[in-house]
Protein chains: 2
Amino acid sequence: MGTVAKALSLLDFFNRARPAIGLSDMARLSGMNKATVHRLLTELQAQGFVEQTGSGREYRLGPAFLRLAALREAAVPMRDLAAGVLADLSAATHETAHVSLLQGDTLITVAFAYSAHHGTRVAMDDAEVLTFHNTSSGLAVLAFAPAEFTDRALARPLEKRTDKTETDPARIRAALTDIRRSGMAQNEGGFEADVHSHAVPLFDARARVIGAIAVAAPTARMTPDHQTLIQHELRHHALRLTRLMGGFLPDGFLVGAAA
Amino acid sequence: MGTVAKALSLLDFFNRARPAIGLSDMARLSGMNKATVHRLLTELQAQGFVEQTGSGREYRLGPAFLRLAALREAAVPMRDLAAGVLADLSAATHETAHVSLLQGDTLITVAFAYSAHHGTRVAMDDAEVLTFHNTSSGLAVLAFAPAEFTDRALARPLEKRTDKTETDPARIRAALTDIRRSGMAQNEGGFEADVHSHAVPLFDARARVIGAIAVAAPTARMTPDHQTLIQHELRHHALRLTRLMGGFLPDGFLVGAAA
DNA sequence: GGGACCGGTTCAATATATGAACCAACGGTT
DNA sequence: AACCGTTGGTTCATATATTGAACCGGTCCC
């Protein structure tokens, strides 16, 4: 691993639950020497990628991300595009809709939309990391990812988050075959009990999978009619979003019941 | 310069006018060897900090910034806080208001708000880089920055953007003395002709200057009464924002006519 | 077919990163 | 108040990662 990769990997230890990290903690988390971590953080700090908190001397993510994220959005307005499509999709289905995109080996939620129609709704967190084996979005991605990517994802330990979480790689692979055939992934209660979600993959200009768009609803609301509606709308808006982002469907991808 | 700093400095070559850069161009821009640039970009790409465009093979900013900016905002909601204060400030003054923050040696606009009151308004760009010598925000920051920082800023070549741009370091230093006394910077037509702006510095928890909040109005509208209103509101909201962000005013800072 | 680009690769020379040991400072315990 | 286990930060000989000239093969334009 190059020095740059090491430095940037430090940033991955920040999350919602741990917004600031001390030098020694960071050294422990990363397994690197304290002096090394210190030097890397100092360099990141000089560029505004991390900064030290006023009170303690802990490090946290820096202000440079505001500027760079704005520039990224100016260059590639994926988030804006996703937000527009999600607003329509959640309005049409009366459920929570979200888009998650691959970033290296992880799947990150980049945008979501709630429907105001029901009192109960599935809640989402911005910038949440999704696992592959127990979310509909994750399965949708795995089904269309390169075999070597899928192998790596399923070789990792698979957390049993709920009673219904499937953790047997062989059975997951069998499910992926169905997903490839139907062009749509489902997951009932595998991530959160009582949540039934559907997801369709998204593709880039080279027809490679880049993420997924999903609708998550309380299991109690998932009548056959509602499911039919969700699947129909999801296919339609997934295709729309892929096209908006300049992507193409891979050969043989089933658009199915889509408009 | 360490390897990490070199890699991150490549990201600074992206901007609104140049959202994607080829390998050879990047090598020229940065003055580094093509092989070096390639290795650095490859490492940045593995972490999602840059990606290659579908069509050409140019590099552009990657999706990682969406996630990290969201986490930064979750940890330090400066942008949200600024947006709220700016909405009030622009409503009270009927003019464009914006907040710019220091990031290393540059001043970046992170948020702004327009007033719907007038047909003409001063337009802003998100993530715009402000110069120090010919913007009210820049002058407000320089006046309260460490002497060594100010020296560095004024030692650089000072662009004469308009007829009215002051480019004489000695005269600028004299203006800074006044700004330190009044706690407010002004700039009339030095950045854009026909724009008269006022700015007040913002401070962090250690009473160090971190940026400025400003109101920009067409010169034609700047009557004495309007100016008095703007100065009053600006002082009030600057203090409010500094406090919201957990900052403190340095000893002797004039709150002046503020509420 | 030639020439000038492009993105990307190679490998010996060398500049850079690394980590054990070391500070000084802080906060709690005895 | 001496002790202990922390903390963030520093040092310097060692070792490892970085560097850059030259070199690909491809593509575009004459």
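Definitions and cut-offs
Residues numbered from 1 in each chain as written. Chains lettered and ligands numbered in written order. Predicted model: local features only at pLDDT ≥ 70, side-chain atom pairs only at ≥ 80, totals over all residues. Helix = DSSP H or I, 4+ residues; strand = E, 2+ residues; numbered from the N terminus. Rg over C-alpha atoms; globule rule 2.2 N^0.38 Å. Buried ≥ 20, exposed ≤ 12 C-beta atoms within 10 Å, placed from the backbone. Contact = placed C-beta atoms within 7 Å. Near = placed C-beta within 6 Å. Nonpolar A, V, L, I, M, F, W, Y, C, P; charged D, E, K, R; others polar. Axes fitted to C-alpha atoms, helices over the stretch in contact; angles between N-to-C directions. Parallel < 35°, antiparallel > 145°, perpendicular 65-115°, else oblique. Core = buried A, V, L, I, M, F, W, Y, C linked by C-beta atoms within 7 Å. Pairing = 2+ DSSP bridges. Expected span 1.5 Å × (residues − 1). Arc of directions from axis to C-beta. Least-squares fit on C-alpha atoms with pLDDT ≥ 70 in both.

Of regular secondary structure, chain A possesses nine helices and nine strands. Relative to the globule expectation of 18 Å for 259 residues, the C-alpha radius of gyration of chain A, 20 Å, shows essentially globular dimensions. Dimensions along the principal axes, computed over C-alpha positions, put chain A at roughly 60 × 40 × 40 Å. Counting the 259 residues in chain A, one finds 42% classified as buried. Sequence-distant contacts, at least 24 apart, represent 57% of the contacts inside chain A between residues at least 6 apart.

Next up on the list: the protein's contact with DNA strand D. Close to DNA strand D lie 19 residues; A:Thr3, A:Gly22, A:Ser24, A:Ala35 and B:Ala35 are nearest. Only α1 (3–11), α2 (23–30) and α3 (34–46) of chain A together with α1 (3–11) and α3 (34–46) of chain B provide two or more residues apiece to the surface near DNA strand D. Ranked by the residues each element gives to the surface near DNA strand D, the list is headed by α3(B), at four residues. Split into classes, the residues belonging to the surface near DNA strand D amount to five nonpolar, eight polar and six charged.

Residues and elements named next belong to chain B. In contact at an axis separation of 9 Å, helix α6 (residues 136–144) and helix α8 (residues 169–182) are set at 80° when each is read in the N-to-C sense. Here α6 is positioned roughly perpendicular relative to α8, judged by the angle of their axes. Between α6 and α8, the contacting residues are Leu 139, Ala 140, Leu 142, Ala 143 and Phe 144 on the first element and Ala 175, Leu 176, Ile 179 and Arg 180 on the second. Residue composition of the contact of α6 with α8, grouped by class: eight nonpolar, no polar and one charged.

In the region of DNA strand C, 18 residues are neighbours, and A:Ala35, B:Gly2, B:Gly22, B:Ser24 and B:Ala35 sit closest. Contributions of two or more residues to the surface near DNA strand C are made by α1 and α3 of chain A together with α2 (23–30) and α3 of chain B. With four residues, α3(A) is the largest single contributor of residues to the surface near DNA strand C. For the surface near DNA strand C, the class distribution of residues is four nonpolar, eight polar and six charged.

Contacts between chain B and chain A engage 48 residues on the former and 47 residues on the latter. Ranked by residue count, the leading element in the side of chain B that touches chain A is helix α4 (residues 64–75) of chain B, at 11 residues. The residue inventory of the side of chain B that touches chain A, partitioned by class, reads 29 nonpolar, 10 polar and nine charged.

With that out of the way, let us pick up the nonpolar core. Considering soluble globular proteins, one finds that nonpolar side chains tend to be buried as a cluster. Grouped together as the largest cluster of nonpolar side chains are 146 residues, with contacts concentrated most on A:Val141, A:Ile213, B:Val141 and B:Ile213. With residues up to four places along the chain from it excluded, the contact list for B:Val141 reads B:Leu102, B:Leu107, B:Phe132, B:Pro201, B:Val209, B:Gly211 and B:Ala212.

Positive phi, normally seen in glycine, also occurs at A:Asp194, with a value near 70°. Inspection of the secondary structure puts A:Asp194 in the loop between β7 (185–188) and β8 (195–203). Even without being a glycine, B:His94 presents a positive backbone phi close to 65°. Examined against the element boundaries, B:His94 turns out to sit in the loop between α5 (78–93) and β4 (96–103). Overall, B:His94 belongs to the partly exposed group, with 18 C-beta atoms counted inside 10 Å.

Residue and element names in this part refer to chain A. The strand order β6-β5-β4-β9-β8-β7 describes an open sheet built from six strands, whose pairing is antiparallel. Two strands close off the open sheet at either side, each with one partner strand: β6 (129–130) and β7. In terms of strand pairing, strand β5 (residues 106–113) meets β6 through two bridges, oriented antiparallel. Paired with Ile 108 across the bridge in β6 is Val 129. Here helix α6 (residues 136–144) sits on the sheet and contacts β4 (96–103), β5, β6, β7, β8 and β9 (209–218); the angle it forms with β8, its principal contact strand, is near 35°.

Let us look at the sheet that holds strand β2 (residues 50–52) of chain A. Pairing in this open sheet of three strands is antiparallel, and the strands run β1-β3-β2 (chain A) from one edge to the other. Two strands lie at the open edges of the sheet, namely β1 (20–21) and β2 of chain A, each paired on one side alone. With two bridges joining them, β1(A) and strand β3 (residues 59–61) of chain A adopt antiparallel strand pairing. Residue pairing across strands places A:Ile21 opposite A:Tyr59, the latter belonging to β3(A). Strands β1 and β3 of chain A of the sheet are contacted by α4(B), whose axis makes an angle of about 125° with β3(A).

Below, the discussion takes up α3(A). For α3(A), spanning 13 residues, the distance from its first C-alpha to its last is 18 Å, which sits close to the expected 18 Å at 1.5 Å a residue. Among the residues of α3(A), those classed as buried are A:Val37, A:Leu40, A:Leu41, A:Glu43 and A:Leu44. Around the axis of α3(A), the buried residues are gathered within 160° of arc, so they sit on the same side. Exposed and facing more than 90 degrees away from the buried side of α3(A) are A:Lys34 and A:Ala35. Its buried side turned inward, α3(A) meets α1, α2, β2 and β3 of chain A together with α1 of chain B.

We now examine the relation of the copies chain B and chain A. In the superposition of chain B on chain A (RMSD 0.1 Å, axial shift 0.1 Å), the rotation amounts to 180°. Here the two chains are linked by the operation of a two-fold rotation axis. No C-alpha of chain B lies nearer the rotation axis than that of B:Val4, which sits 2.4 Å from it. In this assembly the copies share their binding face: 98% of the residues contributing to the interface of chain B also contribute to that of chain A.

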